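# Architecture and fold: a report
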Amino acid sequence: MTLVKTATGALTAVALVLGLGAPIPASALSANARFLWPKGSQIPVCWESLESDPFFRSEVQYAVEDTWMTQSSIVFYGWDQCQPNSRGIRIKVDNTAWPMVKADGVGLDGMPGGMILNFDVDKLSKGFDKLCRGAPVFCIRAIAVHEFGHAMAFQHEQNRSDRPRADGCVKAEYQGGVRRHNELNIDRYDPFSIMNYCNPDWSGNGKLSPGDISAISEFYPL
Ligand SMILES: [Zn+2]
């Protein structure tokens, strides 16, 4: 991959053509470049409280391990009770709150309640896709993978400066908040990224797109 400056000044990676002319698979993801973790980081994860459902907590862990961890050099470990001085990702389960992160990437390091998850699927179904209804594991896993994308410093794909403006994604863009800092893009806009509110499959069905998988190997190579 080659990094180039776009007309907006953003750094963009351009796929090279290798071998017999077969292009590298399209990759995507848009990062907050100042808040990427060092490659190969081992990042502790803890829960601010162990009062939430342990089954759902374990599903969050497995979802992250099955996606971002499998495809990158980043290791999330621990997943136990936070201590006052715990570093890494500190998760607060708040069943009245919108799932979110309070910072990108390394900005979350040691921040109490830096990531908020919600295990109340009835509540989630009011604000999220109907797929959440009656499918708590699916819903909790899909949201967790998206939020951990933010924890790896990835921003909402629909907010990329190079997103085609005629794709009908305007409403979702505002729902997601146009938060775009230190934009570092890999290749081109990916409508199927798990970080994209405009993904035709809600939260990417909790799975990384081929573009996500290709891009994660650029940001955090194995
Ligand atoms: Zn998000």
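Scroll up for the structure.
So, a few notes on the structure that sits alongside this text. Please read these numbers as outputs of a predicted model, since none were measured by experiment.

The next subject is the sheet that holds strand S8 (residues 89-93). Read across the sheet, 5 strands follow the order S7-S6-S8-S10-S9 without closing on themselves; strand pairing throughout is mixed. Edge positions in the sheet fall to strand S7 (75-81) and strand S9 (100-101), since each has one partner strand and no second. Strand direction decides the pairing type here: strand S6 (residues 42-47) and S8, joined by 3 bridges, are parallel. Each bridged residue has a counterpart across the sheet, and for Cys46 the counterpart in S8 is Arg90. Running at roughly 170° to S7, helix H1 (residues 54-71) makes contact with S6, S7 and strand S10 (115-117) of the sheet. Of the strands in this sheet, S8, S9 and S10 touch helix H3 (residues 136-151), which is tilted by about 175° from S10.

Take H1 next. Each α-helix turn comprises 3.6 residues. Residues three or four places apart therefore point the same way. Taking 1.5 Å of rise per residue, the 18 residues of H1 would be expected to cover 26 Å, and the 25 Å separating its terminal C-alpha atoms lies within 8% of that figure. Along H1, the largest kink reaches about 35° and is centred on Glu65. Among all positions in H1, only Arg57, Val60, Ala63, Val64, Thr67 and Trp68 are buried. Lining the buried residues of H1 we find S6, S7, S10, H3 and helix H5 (210-219).

Attention now goes to the environment of Asp162. Among the secondary structure elements, Asp162 is positioned in the loop between H3 and helix H4 (170-176). Look at Asp162 and you get partly exposed, because 15 C-beta atoms sit within 10 Å. With 26 residues separating them in the primary sequence, Asp162 and Arg188 have C-alpha atoms 7.3 Å apart.

The rules behind each value
Residues numbered from 1 in each chain as written. Predicted model: local features only at pLDDT ≥ 70, side-chain atom pairs only at ≥ 80, totals over all residues. Pairing = 2+ DSSP bridges. Helix = DSSP H or I, 4+ residues; strand = E, 2+ residues; numbered from the N terminus. Contact = placed C-beta atoms within 7 Å. Axes fitted to C-alpha atoms, helices over the stretch in contact; angles between N-to-C directions. Expected span 1.5 Å × (residues − 1). Bend = angle between axes of the 7 residues up to and from the residue. Buried ≥ 20, exposed ≤ 12 C-beta atoms within 10 Å, placed from the backbone.

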